[in-house]
Amino acid sequence: MTVPGIIYLFINNYIPMYGVILAFKDYNYVDGIWGSAWSGLNNFKFLFNSEDAYIITRNTLLYNTVFILLNLILSVLIALLINEIKDKVISRFYQSTFLLPHIISMVVVAYLVFSFLNAENGLVNRLLIKWFTMDGISWYGEPKYWPYVLVIVNAWKNVGYLSIIYFASIIGIDKEYYEAATIDGASKWKQMTRITIPLIMPVIVTMTLLAVSTILRSDFGLFYQVPMNTGALIPTTQTIDTFVYRAMLQSGDIGMSTAAGFYQSVICFFLILIANAAVRRINKQSALF
């Protein structure tokens, strides 16, 4: 039964890994991958010697750290609240409602955000002018607002999906624990904090470690399409992935983009090892490996 999955994983995830050698070559289309000349670490110099190297690394790390923490808190909270709904029809309705943003294309999300933040006809500016008699804000010309916008959009799109995962873990908990707690007079708060959260902690740790493993990778659609590739917002919305894409458009340097991807993968690999080791020191049973 696992053979089709293994074959798919091998074809899509392992065979393409030989292309990592492009990070160390001066690739050209005529000679191909193996025929192109070796360039050593020259491809990495483009990334690390760039004036934006610090900014894009900082943005990628800080955004993803906030995403991980905020999405974790909100998704667990929503899962706990859904679990308290006893009507199955209403519970499924809320699950579907929260899951819907996750399956919407980021291109569609970008235009939804634009309909809210458009300087002339956006809903937010209309409300600001109507209710608070404030001047409209040029959202796509003011970088200072976008850390909040991106965090809100990311949470709106991903929290529902994560909450379904945690909710699935919660409904797998034996009901006898709650019955015993109720007999002992435990409140709903104590049942959540003493039973539910500790029992789903392995799932929380696993999901968090998986998120940490991609902390240097960013949602390209979120950082490129949602800000509409606006030049004024680049200092705030630029991450490693968008930097590589824009550099590819300008130079067409495949070796440099491969070097950036290799750099991300290596750092993420060591980050998940460090995070897993920290979890093992606290609780071995909660560690991923």
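Before reading on, note that the structure itself is shown above.
(A) Representation of the packing of helix α9 (residues 175-183) against helix α10 (residues 188-212). For the pair α9 and α10, the least separation of the axes is 11 Å and the interaxial angle reads 165 degrees. Here α10 runs roughly antiparallel to α9, going by the angle between their axes. Read as a crossing pair, α9 and α10 show a hand that is right-handed. Taken together, the residues of α10 that come into contact with α9 (itself represented by Y177, Y178, A181 and T182) are Q191, I195, T196 and L199. Among the residues forming the contact of α9 with α10, the class breakdown is five nonpolar, three polar and no charged.

(B) Structural view of the nonpolar core. Grouped together as the largest cluster of nonpolar side chains are 20 residues, with contacts concentrated most on V113, L117, Y140, W146, L150, L222 and V226. Among the secondary structure elements, those contributing two or more residues to this core are α4 (53-83), α6 (106-117), α8 (146-170) and α11 (220-225). Residues within four places of Y140 in sequence aside, it is in contact with A110, V113, F114, L117, N118, W146, V226, P227, M228, T230, A232 and L233. In this structure, A79, F167, Y178 and I195 belong to the second largest nonpolar core, which totals 18 residues.

Rules used throughout
- Residues numbered from 1 in each chain as written.
- Predicted model: local features only at pLDDT ≥ 70, side-chain atom pairs only at ≥ 80, totals over all residues.
- Heavy atoms only, no water.
- Axes fitted to C-alpha atoms, helices over the stretch in contact; angles between N-to-C directions.
- Helix = DSSP H or I, 4+ residues; strand = E, 2+ residues; numbered from the N terminus.
- Parallel < 35°, antiparallel > 145°, perpendicular 65-115°, else oblique.
- Left-handed = near helix turned anticlockwise from the far one by under 90°.
- Contact = heavy atoms within 4.5 Å.
- Nonpolar A, V, L, I, M, F, W, Y, C, P; charged D, E, K, R; others polar.
- Core = buried A, V, L, I, M, F, W, Y, C linked by side-chain atoms within 4.5 Å.
- Buried < 20%, exposed > 50% of the residue type's maximum accessible area, 1.4 Å probe, protein only.

Remember that the coordinates give geometry; whether it matters functionally is a separate question.
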